[in-house]
Amino acid sequence: MVTIKNVSKRFGKKVVFGGLSLTFKEGRVIGLLGENAIGKTTLLKMIADILKPLEGEIRINGDKVGRHTRERVSFMLAPDNFYGFMKVRDAVQYYRDFYADFDHEKARSLCEEFGLEAKAKISTLSKGQQERLCILLCLCRRVPLYLLDEPIAGLDPKFKHESIKAMLANTDGGQTIIISSHLLRDLDTVFDEIVILKKDGVIMADCEEIRAGGESVEQFYLRNAGETMEATA
Amino acid sequence: MKFLENIPIYVQIANDIKDQVVAGKLADGDKLLSLREYSLAYEVTALTMQRALGLLELEDVVETKKGVGSFVKAGTQAQLKVRSIDALVQEFMARAANMGLSKVEILDRVREAIHQGGTEHGDN
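Residues numbered from 1 in each chain as written. Chains lettered and ligands numbered in written order. Predicted model: local features only at pLDDT ≥ 70, side-chain atom pairs only at ≥ 80, totals over all residues. Heavy atoms only, no water.

For the rest of this paragraph, the subject is the side chain of Glu43(B). Checked against the element boundaries, Glu43(B) lands in the loop between helix H2 (35-42) and helix H3 (46-58). For Glu43(B), a relative accessible area of 18% translates into the label buried. Looking at Glu43(B), its side chain comes within polar contact range of the side chain of His161(A), at 3.0 Å. (Helix = DSSP H or I, 4+ residues; strand = E, 2+ residues; numbered from the N terminus. Buried < 20%, exposed > 50% of the residue type's maximum accessible area, 1.4 Å probe, protein only. Polar contact = N/O pair within 3.5 Å; in protein donor to acceptor, adjacent residues only side chain to side chain.)

Listed below in C-alpha cells is the structure:
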C-alpha cells in the first residue's frame, strides 16, 4: 500500500530520517510508535504530501506521492487547523467543500453521536471534543488510506472507546489506517501491526504474533523502543 | 470483552465463540454473525476477526458457505462440550496435584463438596 524507500529528511541540522525504508501493508490498522520527536508526525506528513522528503521516495499503490495521491489519503487535521470563528457546522462544510469523497450524512450522524452541536464554536469546545471532531471528519472521507496523528492523546477513556468504535465501524478491512501514538495501552487491541521508529532503524511486528510469543504488545514495545536512557540532543 | 494481553486476540475470540456453542447460545447449524458484525461486537479489526473465523474453520467448528455465511457445524456442540469438560477436569486435576493432593484426597474433597449441597444449577 505505502512503500517508503531510502527516505531522508532534515530540519535544519537535525536529521530526522537518514535512509528510511519500510512498507505499510494494505487493509491493516497499523500503530506507528516511537519516542517523542523521533519523526512519527514527519513521516505521516510526508505520506500525506504535506512535507517533502529530502531524498528517496514514497509511493502509494505504486504511485509517487504528489498532488494526485492526495485524494486517496485522509490526513487528520489538528484542531488548530480550523479558524477560531468556525463552528462545528462550518468545519463539516469545509470538508464537504474540499473533498468530493466526504460522507456528509455520516459526519452529521457521528457529530450527533459524539454530542457535538452543529452551532458550537470549535474554539469553545473542550480539547477532547475538538479531537473527536477532527477524528470523525478524517474518518468520514471515503479513501483507501487514513493517517491519524496522535488521535486520542487528549481524550478521556470513554471518548477513546467511542472513537475506536467509530473507527472500526467506519472501515471494513479494505482500508489502511496508520495511527501514530505514544500511548499503546488503549489502542493495542485494534492494531494489526506496529511499526516502531528508532534512531537507528525501524522495527515492524504483527501484534498477534507478538502475543503468540507470550508477550504483550506493550512489553514488546518497551523492550524494543530502546535507548531511552540516552540523552536526546 | 476484555482480552488477555499475551495471548493472540483471535484465539481468545475463537474460544469465546466456542464457549457460546457449549453454553447453547449458539447451536449446531446456527448462522454466525457476519465478520463485520463480529468485528464491531468484539471491537477488533476485520483482520483479527478473519483470523478468528479461520481458526474455527480449521478446527472444524464452523463451516463457511460462499456468499451465504458461516455456520456452526453439525455435531459441534456435543463434541465441544466433551472437549471442554475434559479440559476443565484435567486442569482441575493438575492444579490439585500441584497443591499436593493425592488422587484419593481429590476424590474425597469433591465428594465432600457435592454433599455440602454444591451447585445443582450451574450458572453458566
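What follows is about the environment of Lys18(B). All names here are of chain B. Of note, Lys18 is situated in helix H1 (residues 9-22). The exposure class of Lys18 is buried, given its relative accessible area of 12%. Beyond its immediate sequence surroundings of up to four residues, Lys18 is in contact with Leu56, Glu59, Val61 and Leu80. In terms of polar contacts, Lys18 uses its side chain to reach the side chain of Glu59, at 2.7 Å. (Contact = heavy atoms within 4.5 Å.)

Right, let's talk about the sheet that holds strand S8 (residues 176-180) of chain A for a bit. All names here are of chain A. Read across the open sheet, the six strands follow the order S6-S7-S8-S3-S9-S10; overall the sheet is mixed. The outermost strands of the open sheet, each flanked by one partner alone, are strand S6 (73-75) and strand S10 (201-206). On average, adjacent strands in this sheet sit at an angle of 15° to one another, irrespective of strand direction. Note that strand S3 (residues 29-33) and strand S9 (residues 193-198) share four bridges and pair parallel. Bridge pairing in S9 places Leu33 opposite Ile196. (Pairing = 2+ DSSP bridges. Axes fitted to C-alpha atoms, helices over the stretch in contact; angles between N-to-C directions.)

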